[in-house]
Amino acid sequence: MLLERTTTSLLNGAMRNSTRQLQVDLQNAQTETSTGRYADAGLVLGANVGRNLDWRSEIERLTTTLKRNDMSAERAKVTQAGVEAVKDQASYLMNTIVGARSAANGGALARTAGENAINGMMQILSTTYSGQYVFSGNTPDSAPLADYVGGPAQGAFDAAFQAEFGFAKTDPLASTITPSQMQTFLQGRYDDLFKDPQWTSDWSTSSAENQKARIDGTTTVNADANANEDAFRLAMKAAVAAYELGGTSIGQGTFQVVADTAAKTLSQSVQALGDVQARVGFAEQAIEQANTRMTSKKTLLETSVTKTEGVSAYDAATRLNALTTQLEASYSVTARISKLSLLNYL
């Protein structure tokens, strides 16, 4: 009986060990079938494990950079759209002012157009992307410009007008302002309102530095624009002149000086806005080219990883089926052995 129990125990132990190994092999085969990779890539790769780890690390870095570049590219598109919209506002205002220059109600037309341009540009320059103000430079959590009407900038204009002419803008004495006096004001105190430090103290909370986008390991590009750039200052300067001075009682000749100056300023603004678009466009192109290079490199690395760590789907499925069959057979044999007695063979 002792011999019988010992023999049966040995048989059961051998089968259990075999079954346990089959279970491990089956689990590995299931992993390989679902992932397409060796269950123990390190065992297969041997000394090349470090190389593949470097490849995977580089793939992860490229993936992160590509995602960041995609966000930079989208932000650049929003910036381009905003700059184009400001350019449209400036062009429309310029055409309106040119048309109003000799009109009997030219001042009223200019004032309305100037007000619309101020409101429109304020709205455009307050555009946000991903929760950040696009035109605020390195201070994206703050709106780039303070409201003009009722704000410090309008107060500064009123003070400059009073200091220049000796009376308020609403005073009927404005009708006595000569064209040369208005030209002096526009080129002096008024022009200073749109230069630093008055611009940054009365108008802008934007940073003068744009956010830079790092598009690869060594390259950064300027894909942004901020409200402190001359292109936007010029457009706003013309719009405020049309709005404020168009609402005074200045004579026709003096108003024509305002109209001519504003139109010239808007022409400069449109050209400067085009330069901003060209700069952002260059950055967009650089991002696209960097993405193309990195995508190609990422694809090459992924192919190399797949080639060295990948398992044939057919082979993996065949092995899984074979192991499943073997394990089922092992269970069956183990069950039979547990019922065996050495007496059956005597």
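### Describing the overall build of the protein chain
Tallying secondary structure elements over the protein chain gives 11 helices and 4 strands in all. Taking contacts inside the protein chain between residues at least 6 apart in sequence as the whole, the part at least 24 apart equals 78%. Here the protein chain has roughly 18000 Å² of accessible surface; of this, 54% comes from carbon and sulfur atoms.

### Comments concerning the nonpolar core
One finds M182, F185, Y190, W203 and M236 to be the most contacted residues of the largest nonpolar core, which totals 75 residues. Counting residues per element, the ones that place at least two in this core are α3 (49-100), α4 (106-125), α5 (152-165), α6 (179-187), α8 (198-203), α9 (230-245) and α10 (252-309). Of the residues forming this core, the biggest block, 18 residues, is contributed by α10. Setting aside residues no more than four positions away along its own chain, M236 makes contact with I118, M121, M122, L145, F194, W199 and W203.

### With respect to the environment of S204
Topologically, S204 is positioned in the loop between α8 and β3 (212-214). Taking relative accessible area as the criterion, S204 reaches 7% and is therefore assigned buried. Sequence spacing of S204 and P144 is 60 residues, and the spatial spacing of their C-alpha atoms is 5.7 Å. If sequence neighbours within four positions are ignored, S204 has contacts with P144, L145, W199 and N228. From its side chain, S204 meets the backbone nitrogen of S206 in a polar contact 2.9 Å long. A distance of 2.6 Å separates the side chain of S204 from the side chain of N228, its partner in a polar contact.

### Topic: the pattern of salt bridges
On inspection of all chains with the given rule, the structure shows 15 salt bridges. Where E302 meets K298, a salt bridge forms, and the shortest distance between an N and an O atom there is 4.0 Å. Here K298 and E302 lie together in helix α10, a separation of 4 residues that amounts to about one turn. Via salt bridges that share partners, E58, R61 and K297 belong to a single interconnected network.

### Quick notes on the packing of aromatic side chains
A complete count under the given rule lists 16 aromatic pairs for this structure. Between F161 and F185, the ring centres sit 5.9 Å apart and the planes meet at 80°, which makes this aromatic pair edge-to-face. Of this pair, F161 sits in helix α5 while F185 sits in helix α6; the two residues are 24 residues apart in sequence, bridging distant segments of the chain. As far as the burial class goes, F161 and F185 line up, both buried. Relative to W203, the ring of F194 lies with its centre 6.0 Å away and its plane at 35°, an arrangement referred to as tilted. Judged by relative accessible area, which is 3%, W203 ranks as buried. Connected via pairs of aromatic rings, a cluster forms that spans Y148, F157, F161, F165, F167, F185, Y190, F194, W199, W203 and Y243. Over the aromatic face of Y243 sits the side chain of R111, whose NZ or CZ is 4.2 Å from the ring centroid.

### Some thoughts on the environment of D192
Following the sequence through the fold, D192 ends up in helix α7 (residues 189-192). Classification of D192 as partly exposed rests on a relative accessible area of 36%. Along the sequence, D192 and A160 sit 32 residues apart, while their C-alpha atoms lie 9.4 Å from each other.

### Considerations on unusual backbone geometry
A cis amide bond links D196 with the next residue in sequence, P197, at an omega value of 10°. Inspection of the secondary structure puts P197 in the loop between α7 and α8. A positive phi angle, close to 55°, is found at S130, a residue other than glycine. In this structure, S130 sits in the loop between β1 (128-129) and β2 (132-133). The class of S130 is exposed, set by a relative accessible area of 57%.

Reading the values: the criteria
- Residues numbered from 1 in each chain as written.
- Predicted model: local features only at pLDDT ≥ 70, side-chain atom pairs only at ≥ 80, totals over all residues.
- Heavy atoms only, no water.
- Helix = DSSP H or I, 4+ residues; strand = E, 2+ residues; numbered from the N terminus.
- Contact = heavy atoms within 4.5 Å.
- Areas by Shrake-Rupley, 256 points an atom, 1.4 Å probe, with all protein chains shown as cover.
- Core = buried A, V, L, I, M, F, W, Y, C linked by side-chain atoms within 4.5 Å.
- Buried < 20%, exposed > 50% of the residue type's maximum accessible area, 1.4 Å probe, protein only.
- Polar contact = N/O pair within 3.5 Å; in protein donor to acceptor, adjacent residues only side chain to side chain.
- Salt bridge = Lys/Arg side-chain N within 4 Å of Asp/Glu carboxyl O.
- Phe/Tyr/Trp six-rings, centres within 6.5 Å; stacked < 30°, edge-to-face > 60°.
- Lys NZ or Arg CZ within 6 Å of the ring centre and 35° of its normal.

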